[in-house]
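Residue strings, one per chain:
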Amino acid sequence: AMDSITFSIDPVFATGSSEVPLDRPEPCPSDMEYVSVSLGCQPCPAGLYKSSQSPQCIACPAGNYREVQMQSCTICPAGYFCETGAPEPSECGRGHACLAGASEP
């Protein structure tokens, strides 16, 4: 009985090489999420942020927003409202008074 497997050609892994892939990718920097082998770590899109508890980007909570260049979710300014995962504040509109941190007009 044969105890080992031999390949007539080198196996090719999902990475496209015959190098045995690592069990898991290196952790991404704190403001990035792991997307795929080919894309690797990518910054969180606007409206999402990376928490230390989650390996993926998650939506900013209601009453906050995050533009792409911002480090973290920021409280919505007065006169605007920010729904969950808002990439930018939305104007409250005439007849509405939005306090800072408003999640709806």
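Residues numbered from 1 in each chain as written. Predicted model: local features only at pLDDT ≥ 70, side-chain atom pairs only at ≥ 80, totals over all residues. Heavy atoms only, no water.

(A) Summary view of the nonpolar core. By size, the foremost hydrophobic cluster in this structure holds 5 residues: Tyr65, Met70, Cys76, Cys82 and Ala86. Apart from the residues lying within four places of it in its own chain, the contact partners of Cys82 are Ala62, Gly63, Asn64, Tyr65, Cys76, Pro89, Ala102 and Ser103. (Core = buried A, V, L, I, M, F, W, Y, C linked by side-chain atoms within 4.5 Å. Buried < 20%, exposed > 50% of the residue type's maximum accessible area, 1.4 Å probe, protein only. Contact = heavy atoms within 4.5 Å.)

(B) Structural context of the environment of Ile58. Along the polypeptide, Ile58 turns up in strand 4 (residues 57–59). For Ile58, a relative accessible area of 32% translates into the label partly exposed. Spatially, the C-alpha atom of Ile58 lies 5.1 Å from that of Leu48, the residues being 10 residues apart in sequence. Beyond its immediate sequence surroundings of up to four residues, Ile58 is in contact with Gly47, Leu48, Tyr49 and Ser51. (Helix = DSSP H or I, 4+ residues; strand = E, 2+ residues; numbered from the N terminus.)

(C) Layout of the environment of Thr84. Locating Thr84 in the fold gives a position in the loop between strand 7 (80–81) and strand 8 (90–91). Residue classification places Thr84 among the exposed positions, given a relative accessible area of 55%.

(D) Region of the structure containing the environment of Glu88. If you trace the backbone, Glu88 turns up in the loop between strand 7 and strand 8. In this structure, the C-alpha to C-alpha distance between Glu88 and Arg66, residues 22 residues apart in sequence, is 6.3 Å.

(E) Representation of the pairing of strand 1 (residues 32–36). Across 4 bridges, the pairing between strand 1 and strand 2 (residues 40–43) is antiparallel. Its bridge partner being in strand 2, Tyr34 is matched across the sheet by Cys41. Joining the antiparallel neighbours strand 1 and strand 2 is a turn of 3 residues. (Pairing = 2+ DSSP bridges.)

(F) Highlighting the state of the cysteines. Across all of its chains, the model carries 5 disulfides by this definition. Between the sulfur atoms of Cys44 and its disulfide partner Cys57 the distance amounts to 2.0 Å. Taking the sign of the S-S torsion, -85° for the link of Cys44 and Cys57, the bridge is left-handed. Taken together, the residues Cys44 in the loop between strand 2 and strand 3 (48–50) and Cys57 in strand 4 connect sequence positions 13 residues apart. On the basis of relative accessibility, which here comes to 3%, the residue Cys44 falls in the buried class. The exposure class assigned to Cys57 is buried, which follows from its relative accessible area of 10%. Each sulfur in the disulfide pair Cys60 and Cys73 lies 2.0 Å from the other. Residues Cys60 and Cys73 are joined by a disulfide whose S-S torsion is about -85°; by sign, that bridge is left-handed. Residue Cys60 is found in the loop between strand 4 and strand 5 (64–65), and its partner Cys73 is found in the loop between strand 5 and strand 6 (74–75); the two are separated by 13 residues along the sequence. Residues Cys60 and Cys73 agree in their burial class; the two are buried. In the chain, the bonded cysteines, numbered by position in the sequence, are linked as 1-2, 3-4, 5-6, 7-8, 9-10. (Disulfide = S-S within 2.5 Å.)

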